[in-house]
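Letter by letter, the chains look like this.
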Amino acid sequence: MDVTLERAALLKALGHVQSVVERRNTIPILSNVLIEAGENGVSLTATDMDLTVVETLACMVLSGGAVTAPAHTFYDIVRKLPDGTQVALTTDVETGHLAIKSGRSHFNLPTLPKEDFPAPGAEELPVNFEIGAGDFRSMIDKTRFAISTEETRYYLNGIYMHPKDDGDNGPVIRAVATDGHRLARVEVPMPDGAASMPGVIVPRKAVAEVRKLLDSAGDDPIAVSLSESKVRVSVDGVVLTSKLIDGTFPDYERVVPANNDKELDIECSSFSEAVDRVSTISSEKSRAVKMSVQDGQITLSANSPDYGMASEELEVDYSGETIDIGFNARYLLDIAQQIEGEQARFLMSDGASPTVILDLSDQAALYVLMPMRV
Amino acid sequence: MAEKRTPILCRDCFSKDESHPTVEAPVRCSHCGSPRLLVNTELFDLTLAHIDCDAFYAAVEKRDNPDLLDKPLIIGGGKRGVVSTACYLARMTGVRSAMPMFKALKLCPNATVVKPNMEKYTAVGREVRNRMRNLTPLVEPLSIDEAFLDLAGTEKLREEPAAVQLARFASEVAEDLGITVSVGLSHNKLMAKLASDIDKPRGFTVISKEETLDFLGPRPVSLLWGVGKVLNKKLNQQGIEKISDLRRFDQMELMARHGSMGQRLYHFCRGIDPRKVSIDGETKSISSETTFNEDIGDFETLKRKLWPLSESVSRRAKKSQLSGQTVTLKLKDDSFNNRTRSQKLAHPTCLAEVIYQTGISLLEKEATGETDFRLLGIGISTLGPIELADPIDLADPDSFKRRQIETAMDKVREKLGKEAINKGRLID
């Protein structure tokens, strides 16, 4: 193999693939990135067996070949090379080493045979559609904070995406995530060809990697392929394929309250600032903030035997009966951060039942939050 | 050596005396003639005691039914149950607690078997404990019928050494409650516990600091706290049988072999035990188990047995206003091997249904039909206040209904009794 690449292009590609590679690996080959040089350029592949990323780069290929080298080391080297340089990759047939040359720098990396590298499944997936990068970003951004980290309920460790065609918004794809304390639900218009998609749970790591790729995608259409067990997303020369979580997502619609009648409208940014201030006092563990809601006003307060007390009043739009309700401040702030418009609406029933939070500028998003005892 | 007079205490008339250095210690009390004398150089300095009721359940039954007084008595359940307590007459034939009932009855065929009446024992046990708390606030109960007491500081208050207070306590309990206790008095928990075991029943044993090393040396390692069947076997295989054998090893060596237990062994074999008597003796777990009449291997049958156990755990949790976040399933197979499997929950629970369902998911993996089990148990631990239990879980749409159903059932039971309402799964 003998190829020469732009340092910047190589760095970007390596950035994508190296983050798939786990820092600690019991299987040595999984620490490596597969570098394949063909007629059209070089492709880089990294996998953790569940998630595989392949990125193809156009470049000058003097002779083809394939080799695997330690992903993180390779990335670190390229990262430290000066900007604007050319990087030459060659393999030494005798030692099997990968030589990296750029300007006056020269590195030799040990390699492992490409035959040992687990072949990424390139099989066709039955459902194929294109979705706007903006919609895709919003599905991820507005739900990922609610993904659970609890291992015993592994089916909560991702975003549940499924087709839905009976709501007010017409046919949509819904993305839902919950950890049992809060739930986030967002809808985007159903793209052509997606109606037959199965309900899938996309694991957290795949969500994070896809989100990184979407950063630079503007509002381009993104190709998505799905089966019952796999998802593939192609963005700008990068193909990411991930296993899906094999489990059943809970029937979340039953926990979304439909009849909460106490309607509270707040100005989102001043509300989150106040919550943030008051929560300075709430104990590290519970993070509880109490909301006393009355005609036209809420009082946020926190009380802790160890840390003291805090309270702050806010003018709000409310005319229902007085209600006391407590929330985890962090959960409130997480949700407030997702609200794009100025106003958020709380729909409450009582101090012990789930509360619905809506973004008044975005009908497509809905959040449910469990109160805490205060 | 300086002239030293050894203190003497009569356990019956509580009169104090001192032995003369040149004369042999007396055999009987110079005041009342009782032979029950305590003689020990540190008798009036020691303050840490372990008190254990003698054959507690059996003693209570004998007290309430004098016909049983001179008969061997076994408290335990059913054909296949185990002995929970055997009276001292029954113990003479070799019957021991935790022994399977059939084996016990083979050893002692003329024994009377009485099913345990826990409510009664709990009441008596509570009375004993209250009396202990009158001696000192530092009472750490180990079970219904035994506790550690730290009497340090009470000598001045009562103008009486701990030993005298304890002797008085034992005799009052015998007089007023009709049961006997054994007392161990020493300088730490390890030694106090060992001491109380020496002279049962109605014993009172004092082990001074000075005697500690000689006392422990020749005794088997299995006496030490934390040395169970498995560790004992392991130690024996390494040629460690007597406690003094342990003293050959330095701390690092024992720790390398046995981890943190090794460190304990290093100290225990020298009679050193820094554990304090702690009063918060809080409940650490709530569990319930049963031994079957015949071994069961079938998952469905075991499942049915699990429900009443889960209910019993839940009932006790609710009664003590506790909830647990870990569910532990316990099984004993036909060759007496224990298996325990635990599962941490997303939220603490006190609901029978949640305990049961978690238990089933653990049971499923064990009861594959290959092994027969003789015992099944379930419990909760990582306990916390009931207020935090079973919140509405957005990821578990049935959580709310489950809580409502069980609250409703509990209310019915409260009004109409335990058997008034039940789940359909009990119907065959």
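Residues numbered from 1 in each chain as written. Chains lettered and ligands numbered in written order. Predicted model: local features only at pLDDT ≥ 70, side-chain atom pairs only at ≥ 80, totals over all residues. Heavy atoms only, no water.

Draft legend 1. View of the pairing of strand 8 (residues 98-102) of chain A. Residue and element names in this part refer to chain A. Taking burial as the measure, the five residues of strand 8 include four buried ones, the bulk of the element. Pairing geometry for strand 7 (residues 86-91) and strand 8, over four bridges, is antiparallel. Within strand 8, the residue paired with leucine 89 across the bridge is isoleucine 100. Hairpin connection between strand 7 and strand 8: a loop of six residues separates the two successive antiparallel strands, and glycine 96 in this loop has a positive phi of roughly 80°. As paired strands, strand 8 and strand 9 (residues 105-109) are joined by five bridges and run antiparallel to one another. (Buried < 20%, exposed > 50% of the residue type's maximum accessible area, 1.4 Å probe, protein only. Helix = DSSP H or I, 4+ residues; strand = E, 2+ residues; numbered from the N terminus. Pairing = 2+ DSSP bridges.)

Draft legend 2. Quick peek at a negative patch on the surface. Judged by side-chain charge, A:Asp135, A:Asp219, A:Asp220 and A:Asp236 come together as a negatively charged surface patch. Judged by relative accessible area, A:Asp219 falls into the exposed class, the value being 58%. (Patch = residues over 30% accessible without salt bridge, like charges linked within 9 Å, V, L, I, M, F, W, Y side chains within 5 Å. Areas by Shrake-Rupley, 256 points an atom, 1.4 Å probe, with all protein chains shown as cover. Salt bridge = Lys/Arg side-chain N within 4 Å of Asp/Glu carboxyl O. Lys, Arg positive; Asp, Glu negative; His and termini not counted. Charge placed at Lys NZ, Arg CZ, Asp CG, Glu CD.)

Draft legend 3. Inspection of the interface of chain A and chain B at higher detail. Taken together, the contacts link 18 residues of chain A with twelve residues of chain B. Taken together, both faces of the contact between chain A and chain B bury some 1,300 Å²; the carbon and sulfur share is 62%. Taken together, chain A and chain B are joined by two salt bridges. In this structure, B:Asp398 and A:Arg254 form a salt bridge, with 2.4 Å as the shortest nitrogen-oxygen distance. Where chain A packs against chain B, one counts three residue pairs in polar contact (both at pLDDT 80 or more). By residue class, the composition of the side of chain A that touches chain B is eight nonpolar, four polar and six charged. (Contact = heavy atoms within 4.5 Å. Buried area = accessible area lost by both parts, 1.4 Å probe. Polar contact = N/O pair within 3.5 Å; in protein donor to acceptor, adjacent residues only side chain to side chain. Nonpolar A, V, L, I, M, F, W, Y, C, P; charged D, E, K, R; others polar.)

Draft legend 4. Seen up close, the nonpolar core. All names here are of chain A. Ranked by internal contacts, the top residues of the largest apolar core, which has 105 residues, are Ile35 and Phe136. The biggest single contributor to this core is helix 6 (residues 329-338), with six residues. Excluding residues within four positions of it along the chain, isoleucine 35 makes contact with Met1, Val42, Ser43, Leu44, Gly65, Ala66, Val67, Ala69, Phe74, Leu89 and Leu98. (Core = buried A, V, L, I, M, F, W, Y, C linked by side-chain atoms within 4.5 Å.)

Draft legend 5. Region of the structure containing empty space enclosed by the protein. Residues and elements named next belong to chain A. Under the counting rule described, the total for this entry stands at five cavities of 30 Å³ or more. For the largest cavity, the calculated volume is near 150 Å³. Every residue lining the largest cavity is counted, 18 residues in all, and those nearest its centre are Phe136, Met161, Val202, Val224 and Val231. Going through the elements one at a time, strand 10 (127-132), helix 3 (133-141), strand 14 (200-203), helix 4 (204-214), strand 15 (221-226) and strand 16 (230-235) are the ones with two or more residues in the lining of the largest cavity. Tallied by class, the residues present in the lining of the largest cavity amount to 18 nonpolar, no polar and no charged. (1 Å grid on protein atoms, 1.4 Å probe; cavity = no way out; pocket = protein on both sides within 12 Å on 5 of 7 lines; lining within 4 Å. Points joined across faces, edges and corners; volume = space filled by probe spheres on them.)

It is worth stressing that arrangement in space is one thing and function is another; only the former is reported here.
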